[in-house]
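# Fold and geometry: a report
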Amino acid sequence: TNGGLLWINGLNYLVPSGGVNFTNGSVSASTLYYAYGYMSGGTMTGELSTTGYALSSIGIPQKVGDATRTLVGMLYTTGGAQFVSQDGNLQVLSWSQRALRRTRTQFSADRTTTSPTFAELNTEIRNSFLVWANENLDFATTGSFQCAANQSAASQISFDGAAGEQESCALSNNSGINRGPLAIKGTKVGLSEGLHFATLLGARDSGTATWHYINTNATAQCTITIS
């Protein structure tokens with residue numbers, strides 16, 4: 001961590017200045033892999049495996065059944081068996097370098113619902129990300145949404161398609177003002193280790209409610225941010 005050595009099977013080895021490469025040449029699509037470092041003929045080498053890890057007696061994360069492999073990360077491949085770490089898909093994760101990272105997505109068009117119960121507005125705003133066991137994350141939404149006169153609407157964040165989080169944002173149009181800000185912030189705890197996604201839910205009491213994508217003086221683009 002924050003240094004140049006990796007503990008492997010009872011010894012510290014110098015990490016090469018150019019790093020250790022991992023290739024997707026033999027990985028499967030849409031699969032969770034753990035990344036391990038090991039020594040091969042005096043050279044530090046990378047291995048991807050679907051086999052999980054366990055902590056040694058001194059707290060070193062090692063491949064189950066093989067102390068010669070030390071955990072350095074985790075990744076989830078795309079449908080094309082590629083590695084991806086960008087807005088919308090944080091699917092590569094380091095074990096030791098726990099720097100704050102962010103993924104952010106937004107709508108590309110106005111999204112509407114006529115559902116009286118909370119429903120996903122559109123899958124394009126989903127944020128996919130990896131977490132380690134017992135790791136917490138912050139979530140937030142910004143933007144604007146609207147409903148017709150004498151109606152109301154509400155928004156929530158959902159993880160993995162489950163019921164929305166307790167934090168929510170509501171708009172009640174009983175004064176002729178049909179547009180309001182979307183602002184939700186919270187902390188998610190208790191996620192299992194691996195891949196998850198966050199998405200935006202919406203509901204209205206009658207008619208149609210709209211969530212905006214155009215960022216102008218009159219509206220703010222709906223965005224989900226995970227960090």
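Residues numbered from 1 in each chain as written. Predicted model: local features only at pLDDT ≥ 70, side-chain atom pairs only at ≥ 80, totals over all residues. Heavy atoms only, no water.

### Re the overall build of the chain
Scanning the chain from terminus to terminus reveals 0 helices and 21 strands. For the chain, the C-alpha radius of gyration of 22 Å lies well beyond 17 Å, the compact-globule estimate for 227 residues. For the chain, the C-alpha atoms occupy an extent of roughly 75 × 30 × 30 Å along the three principal directions. A total of 227 residues make up the chain; the buried ones form 40% of that total. Of the contacts formed within the chain by residues at least 6 apart in sequence, a portion of 67% connects residues at least 24 apart. (Helix = DSSP H or I, 4+ residues; strand = E, 2+ residues; numbered from the N terminus. Rg over C-alpha atoms; globule rule 2.2 N^0.38 Å. Buried < 20%, exposed > 50% of the residue type's maximum accessible area, 1.4 Å probe, protein only. Contact = heavy atoms within 4.5 Å.)

### A closer look at the pattern of salt bridges
Under the definition given, this model contains 8 salt bridges. One salt bridge in this structure joins Lys 188 and Glu 165, with 3.0 Å as the shortest N-O distance. Here Glu 165 lies in the loop between β16 (151–159) and β17 (168–173) and Lys 188 lies in strand β18 (residues 179–188), a separation of 23 residues in the sequence. Bridged by salt links that share partners, the residues Glu 47, Lys 63, Asp 66 and Arg 69 form one connected network. (Salt bridge = Lys/Arg side-chain N within 4 Å of Asp/Glu carboxyl O.)

### As for the nonpolar core
In terms of nonpolar packing, the biggest core is built from 25 residues, with Phe 129, Ile 157, Phe 159, Leu 182, Leu 200, Trp 211 and Ile 226 touching the most fellow members. For this core, the secondary-structure elements that each account for two or more residues are β14 (127–131), β15 (137–146), β16, β17, β18, β19 (194–204), β20 (209–211) and β21 (223–226). Residues within four places of Ile 157 in sequence aside, it is in contact with Phe 139, Thr 141, Gly 164, Glu 165, Ile 184, Ala 198, Thr 199, Leu 200 and Ile 224. Among the nonpolar cores identified, the runner-up in size contains 7 residues, and Tyr 34, Met 74, Leu 93 and Trp 132 belong to it. (Core = buried A, V, L, I, M, F, W, Y, C linked by side-chain atoms within 4.5 Å.)

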